Number of protein chains: 2
Amino acid sequence: MNNHHYPSILLENAVNQFAKLPGIGRKTALRLVLHLLKQEKSEVGGFAQALVSLKNEIRYCAVCKNISDTEVCSICNDTARIRDIVCVVETIKDVMHIENTGQYRGLYHVLGGVISPMDGVGPADIEIESLIQRVQIGEIKEIILALNPTMEGDTTCFYLYKKLLHYPITISTIARGISIGDELQYADEVTLGRSIVHRVPFASSLQL
Amino acid sequence: MNNHHYPSILLENAVNQFAKLPGIGRKTALRLVLHLLKQEKSEVGGFAQALVSLKNEIRYCAVCKNISDTEVCSICNDTARIRDIVCVVETIKDVMHIENTGQYRGLYHVLGGVISPMDGVGPADIEIESLIQRVQIGEIKEIILALNPTMEGDTTCFYLYKKLLHYPITISTIARGISIGDELQYADEVTLGRSIVHRVPFASSLQL
């Protein structure tokens, strides 16, 4: 369909909204909208309410900046976890992916992005200062840098390394069992889990 | 990700809602939800509102049963169209697809399904009676049956043919330039348009 003759503005609006989502074309959007149209009113209402609640009520953990329903997230509140190791990741998706490996029992810190001058993202735009503050409190013994092996990820790792170098902590990075150039979120869980177990000191990874 | 450790119930609810949609898996659902989370509050509110409005305010044309914002749809209201030819289709998607060919200037009738005893859909469950009533008014000279060439589509065509046989109208069917077994909505527009221009009397299509 090149030209779109929608029989209804309401239909067209709903299609437009779905078509704004990443990876959803107009044809798929129409299919999803027509599916919803066939559902019960309460079902569609529930869908809409879940989105509004998500956006209006979601909070971020005061400590690690992960998504949370509470002031401090369930991982940071879990006393059974190893509290002096912090794994630094780019997104909450990476936290979920590492949690799914079942190989890591420490805490996290979600940067919410990486340093990317091309996209206008500097060190002050991501959660670096809050990480330094956590280190300054003095309870952290090790920081694991688990960013994606992209140019921006590597830049951010190096920036963090320089910032954290003089604190009495170990700075390590996940073992690159994952091939260079692959995205963290697409790695299989065995490889990703192993790369956390076999993490190496950050300084030695620079010499590769 | 086999096991899903969602950091938030709100997040999980939203993912669950998206994952109910056809063709959307949990991984895609999470990607869409995280995208929405990054948007403005008004943007997400607009998305939710479009869905609620769609479901609560949408109407169906009193004449042709197509989706409409008004009592009678814009096609049925269009005096420039040929008003004595009615094309019978299964879904509103088929109407949109035929409109996009630009080859058809008559009216439509949307059945909203096909007769399918296996799925418990009988003649009374789709808009057959309303079609007969339109024919009885006496303004219609030709009915074009444009259903999908499936067993259910063919059954429905044959049922309609028997019901309409004794009215003073021509009953035709779209030319099967489209290969048998292909779905109407995936046909290219040139072929689909031509199949409407070269429609043949329904009785002759039975002898193939």
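Definitions and cut-offs
- Residues numbered from 1 in each chain as written.
- Chains lettered and ligands numbered in written order.
- Predicted model: local features only at pLDDT ≥ 70, side-chain atom pairs only at ≥ 80, totals over all residues.
- Heavy atoms only, no water.
- Least-squares fit on C-alpha atoms with pLDDT ≥ 70 in both.
- Contact = heavy atoms within 4.5 Å.
- Salt bridge = Lys/Arg side-chain N within 4 Å of Asp/Glu carboxyl O.
- Polar contact = N/O pair within 3.5 Å; in protein donor to acceptor, adjacent residues only side chain to side chain.
- Helix = DSSP H or I, 4+ residues; strand = E, 2+ residues; numbered from the N terminus.
- Nonpolar A, V, L, I, M, F, W, Y, C, P; charged D, E, K, R; others polar.
- Domains from an automatic or database assignment.

Quick look at the relation of the copies chain A and chain B now. Overlaying chain A with chain B gives an RMSD of 0.1 Å, the required rotation being 180° about an axis along which the chain moves by 0.0 Å. What the superposition gives is, in effect, a two-fold axis relating one chain to the other. The position closest to the rotation axis in chain A is occupied by the C-alpha of A:A48, lying 2.2 Å away. The overlap is high: 100% of the interface residues of chain A also sit at the interface in chain B, so the same surface is used on both sides.

Another point: the interface of chain A and chain B. Facing the 60 residues of chain A at the interface are 60 residues of chain B. At the boundary of chain A with chain B, the tally comes to 2 salt bridges. For B:E43, the salt bridge goes to A:K20, with nearest N and O atoms at 2.7 Å. The interface formed by chain A and chain B includes 12 residue pairs in polar contact (both at pLDDT 80 or more). If you list the elements that add at least two residues to the side of chain A that touches chain B, you get helix 1 (9–19), helix 2 (26–38), helix 3 (41–57), strand 2 (67–68) and helix 5 (92–101) of chain A. The leading source of residues in the side of chain A that touches chain B is helix 3 of chain A, at 14 residues. Taken together, the residues of the side of chain A that touches chain B break down into 29 nonpolar, 18 polar and 13 charged.

This paragraph deals with the domain arrangement of chain A. What the domain assignment lists for chain A is domain 1 (9–57) and domain 2 (79–205). For domain 1 of chain A versus domain 2 of chain A, the distance between C-alpha centres works out to 35 Å.

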